[in-house]
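Structure at a glance
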Amino acid sequence: MTPDLVIANGTAVLPSGAAEVDVEVTGERISGIRAAGTGQGRERLDAAGRLVLPGGVDPHVHFLIAFMGQRSVYDFASGGIAALRGGTTTVIDFALQRHGGSMLAGLAHRRRQADPVVTVDYGLHQIVTDVTEQSLDELAGLREAGVTSLKVYTTYEDDGLRLDDGALHALMERAAQEGLRIVLHAENHEIIDRLRRKAVAEGNHAPRFHALTRPPITEIDAVGRAIAFSRDTGCALHILHLVAADALALVAAARAEGLPVTAETCTHYLALTEAALERPDAPHFVMSPPLRSEANREKLWQALREGPLTAVTSDEVSYSAEAKTIGIDCFADIANGCPGVEARLPVLFTLGVAEGRIGLERFVELFSGWPARMFGLGDRKGRIAPGFDADLVLIDPTSRRRMTSEDNYGPIGYTPYAGMELSGWPVATVARGAVVVRGGAYLGDEGRGRFLHRGPADTLQELR
Ligand SMILES: [Zn+2]
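Residues numbered from 1 in each chain as written. Predicted model: local features only at pLDDT ≥ 70, side-chain atom pairs only at ≥ 80, totals over all residues. Heavy atoms only, no water.

1. Details of the packing of aromatic side chains
Summed over the entire model, instances satisfying the criterion amount to 8 aromatic pairs. Taken together, a centroid distance of 5.7 Å and an interplanar angle of 65 degrees make the contact between Tyr153 and Tyr156 edge-to-face. The residues Tyr153 and Tyr156 share a single accessibility class, namely buried. Aromatic ring contacts, followed pair by pair, group Phe63, Tyr74, Phe76, Tyr122 and Phe451 into a single cluster. (Phe/Tyr/Trp six-rings, centres within 6.5 Å; stacked < 30°, edge-to-face > 60°. Buried < 20%, exposed > 50% of the residue type's maximum accessible area, 1.4 Å probe, protein only.)

Listed below in structure tokens is the structure:
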């Protein structure tokens with residue numbers, strides 16, 4: 001039987017390394033890897049001069065979010081298109097447990113929002129805001145519904161998101177029994193709260209006070225405490241958006257000890273520093289945890305090269321330029337977060353591979369392979385191999401182009417990466433066997449994305 005599609009003459013990054021091959025696709029899956037020039041397919045996508053990568057897996061995005069008084073530009077349709085344009089074919093977003101409410105009801109609500117329109121394959125982490133006997137009894141049901149990770153915030157009390165240490169510890173005890181993993185927003189609430197009140201009271205309102213009121217110790221403390229809870233309960237733990245370099249040693253030591261602990265950093269922490277908070281457009285660069293120093297930035301790259309970081313995520317939040325400016329009079333009112341799901345590939349490829357900080361194979365693991373395995377998708381996503389979903393992105397490794405705010409899909413009006421000269425732009429994206437983006441244009445329908453039932457996580461313990 002002739003395959004449906006052949007991606008011919010590209011350099012594909014396979015589990016064994018980069019090789020010039022033809023990739024054959026039958027239905028939604030990869031069906032064969034052939035010597036270059038020998039692949040067959042009823043449709044042909046020429047990849048000469050291109051790198052062919054497994055489609056990106058971004059396990060940290062917030063589409064359709066309302067937070068700190070602002071709403072995201074993206075919903076699950078437009079956000080998915082942005083992801084696919086950026087070569088990301090799988091995302092993991094979040095379902096919210098309302099305070100005093102059911103987690104399963106929160107999950108069902110999020111799926112009703114996403115399923116009819118979603119354009120990219122997606123999973124959900126469950127945000128836990130209220131730990132009660134009833135909610136703990138829901139954990140087994142979450143796992144059966146394909147949600148194998150629980151998001152906890154250690155701060156954002158005013159927004160009703162924070163869990164205190166007692167609740168987190170109780171949740172981890174039960175999550176360990178159910179084989180679920182905690183994904184943690186790790187910042188010490190009390191230190192931040194005190195510093196913010198003091199800064200606001202003293203009239204220190206400039207955007208740079210966002211970073212000054214969230215010093216590295218807030219991350220270091222919260223990461224260390226959660227690792228101690230992981231050791232005590234046996235619960236698997238993933239640290240979201242780690243930026244303070246001094247917290248890396250804690251994660252590395254936990255892994256060396258054999259604890260099921262992993263960590264990610266985000267695109268913006270690899271590309272930018274706290275110097276951005278002095279610019280006239282400083283509100284665009286307000287996210288939590290905050291941007292840190294240049295020396296800190298290089299230590300994150302080192303941790304991507306040598307461990308313990310095993311993923312680069314976007315922490316995508318598409319507030320518009322206008323919405324970000326609303327807090328210009330006081331840092332405490334600026335909605336946290338920035339767009340990045342679409343920029344993740346060219347920014348990471350350029351700073352990482354093109355500028356020699358990481359090799360091509362490691363880049364692919366950080367962009368796609370390891371996030372898939374860490375979040376229970378390692379049997380279908382993140383790898384170019386027969387039997388895996390035919391999720392692929394073709395990039396041009398050589399052409400260079402300056403990033404502008406127009407490079408975001410939709411009316412966001414800014415990108416934190418504006419002005420950067422980037423390479424590795426995607427030229428085509430294939431999702432479950434269909435060419436869904438070509439030359440930046442989305443060719444699919446709304447609702448073509450699928451909810452992904454995720455299995456247990458791989459903690460990547462072999463990485464040190
Ligand atoms: Zn986030």
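2. Structural notes on unusual backbone geometry
The amide bond that connects Ser288 to the next residue, Pro289, takes the cis arrangement and shows omega of -10 degrees. Take Pro289: it is sitting in the loop between α10 (267-271) and α11 (294-306). Backbone geometry at Asp315 places phi at a positive 50 degrees, although glycine is not the residue there. Its location among the elements puts Asp315 in the loop between β17 (312-313) and β18 (316-317). For Asp315, a relative accessible area of 9% translates into the label buried. (Helix = DSSP H or I, 4+ residues; strand = E, 2+ residues; numbered from the N terminus.)

3. Here we look at the coordination of the zinc ion
Bound to the zinc ion are the protein donor atoms His60 (NE2), His62 (NE2) and Asp315 (OD), situated 2.0 to 2.2 Å from the metal. Each donor residue of the zinc ion lies on one chain, and together they are spaced H-x1-H-x252-D. On the criterion of sequence distance, the pair formed by His60 in the loop between β6 (56-58) and β7 (61-62) and Asp315 in the loop between β17 and β18 is long-range, its members being 255 residues apart. By relative accessible area, His60 is classed as buried at 0%. (Donors = N, O, S within 2.8 Å, 3.2 Å for Na, K, Ca; no water.)

4. Here's the deal with the pairing of strand β11 (residues 121-127)
For β11, a buried count of 7 out of 7 residues is recorded, marking the element as mostly surrounded by other parts of the structure. Burial of β11 is two-sided: the residues Asp121, Gly123, His125 and Ile127 facing one way and the residues Tyr122, Leu124 and Gln126 facing the other way are all buried. Sheet topology note: the strand β10 (residues 88-96)/β11 ladder contains 7 bridges and is parallel. In the sheet register, Leu96 faces β11, and the bridge partner there is Ile127. For the crossover that starts at β10, traverses helix α2 (residues 103-114) and ends in the parallel β11, the hand is right-handed. (Pairing = 2+ DSSP bridges. Right-handed = clockwise from strand over helix to strand, strands pointing away.)

5. A closer look at the nonpolar core
Ranked by size, the top nonpolar core spans 115 residues in total, and within it Leu150, Leu171, Ile182, Leu184 and Phe363 carry the most contacts. The element best represented in this core is helix α14 (residues 360-374), accounting for 8 residues. Sequence-distant contacts of Ile182, that is, excluding residues within four places in its chain, are made with Leu150, Val152, Leu168, Leu171, Met172, Ala175, Cys235, Ala236, Leu237 and His238. The next biggest cluster of nonpolar side chains, apart from the first, holds 18 residues, and it includes Leu14, Ile384, Leu394 and Ala428. (Core = buried A, V, L, I, M, F, W, Y, C linked by side-chain atoms within 4.5 Å. Contact = heavy atoms within 4.5 Å.)

6. Looking at the sheet that holds strand β15 (residues 261-263)
The strand order across the open sheet formed by 7 strands is β6-β10-β11-β12-β13-β14-β15, and the pairing between neighbours is parallel. The strands lining the two open edges of the sheet, one partner per strand, are β6 and β15. The mean angle between the axes of side-by-side strands here comes to 25 degrees, regardless of whether they run parallel or antiparallel. The sheet contacts of α2 involve β10 and β11, and relative to β11 the element is tilted by about 150 degrees. (Axes fitted to C-alpha atoms, helices over the stretch in contact; angles between N-to-C directions.)

7. What about the packing of helix α5 (residues 165-178) against helix α8 (residues 216-233)?
For the pair α5 and α8, the least separation of the axes is 9 Å and the interaxial angle reads 40 degrees. The orientation of α5 with respect to α8, classified from their angle, is oblique. Remark: the crossing between α5 and α8 carries right-handed chirality. Seen from α5, the contacting residues are Asp165, Leu168, His169, Met172, Glu173 and Ala176; seen from α8, they are Arg225, Ala226, Phe229, Ser230, Asp232 and Thr233. Along the lines of polarity and charge, the residues of the contact of α5 with α8 split into 5 nonpolar, 3 polar and 4 charged. (Parallel < 35°, antiparallel > 145°, perpendicular 65-115°, else oblique. Left-handed = near helix turned anticlockwise from the far one by under 90°. Nonpolar A, V, L, I, M, F, W, Y, C, P; charged D, E, K, R; others polar.)

8. What about helix α13 (residues 344-354)?
Counting buried positions along α13 yields 9 of 11 residues, so the element is predominantly enclosed. When we look at burial in α13, the residues that qualify are Arg344, Leu345, Pro346, Val347, Leu348, Phe349, Thr350, Leu351 and Gly352. Positive phi shows up at Gly356, right after α13, with a value of about 80 degrees.

9. Quick look at the side chain of Ser78
By the secondary structure assignment, Ser78 is in helix α1 (residues 76-85). Contact partners of Ser78, with chain neighbours within four places excluded, come to Val73 and Tyr409.

10. Focus on the pairing of β10
Successive side chains on a regular strand alternate, one facing one side of the sheet and the next facing the other. Counting buried positions along β10 gives 8 out of 9 residues, so the element sits mostly inside the fold. Bridge analysis of β6 against β10 gives 3 bridges, and the strand direction is parallel. By the bridge assignment, Val57 is partnered in β10 with Thr90.

11. So, the environment of Gly37
Locating Gly37 in the fold gives a position in the loop between β3 (29-35) and β4 (43-46). Taking the C-alpha atoms as reference points, Gly37 and Gly10, separated by 27 residues in sequence, lie 9.8 Å from one another. Ignoring anything within four residues of it in the chain, the contact list for Gly37 reads Asn9 and Asp22.

12. Brief notes about α2
Taking 1.5 Å as the rise per residue, α2 with 12 residues should run 16 Å; its terminal C-alpha atoms sit 17 Å apart, in good agreement. Buried residues of α2: Met103, Gly106, Leu107, Arg110 and Ala114, and no others. Take α2 and look down its axis: the buried residues cluster within an arc of 100 degrees, on one side only. In this fold, the buried residues of α2 make contact with α1, β10, β11, α3 (133-136) and α4 (139-144). Structurally, the start of α2 carries an N-cap: the backbone nitrogen of Leu104 is 3.1 Å from a side-chain oxygen of Ser102. (Expected span 1.5 Å × (residues − 1). Arc of directions from axis to C-beta. Polar contact = N/O pair within 3.5 Å; in protein donor to acceptor, adjacent residues only side chain to side chain.)

13. What about the pattern of salt bridges?
This model, assessed by the stated rule, comprises 33 salt bridges. Arg344 is the salt-bridge partner of Asp58, the closest N and O atoms lying 3.7 Å from each other. Placement of Asp58 in strand β6 and of Arg344 in helix α13 is noted, with a sequence separation of 286 residues between them. According to the relative accessible area criterion, Asp58 is buried, its value standing at 0%. (Salt bridge = Lys/Arg side-chain N within 4 Å of Asp/Glu carboxyl O.)

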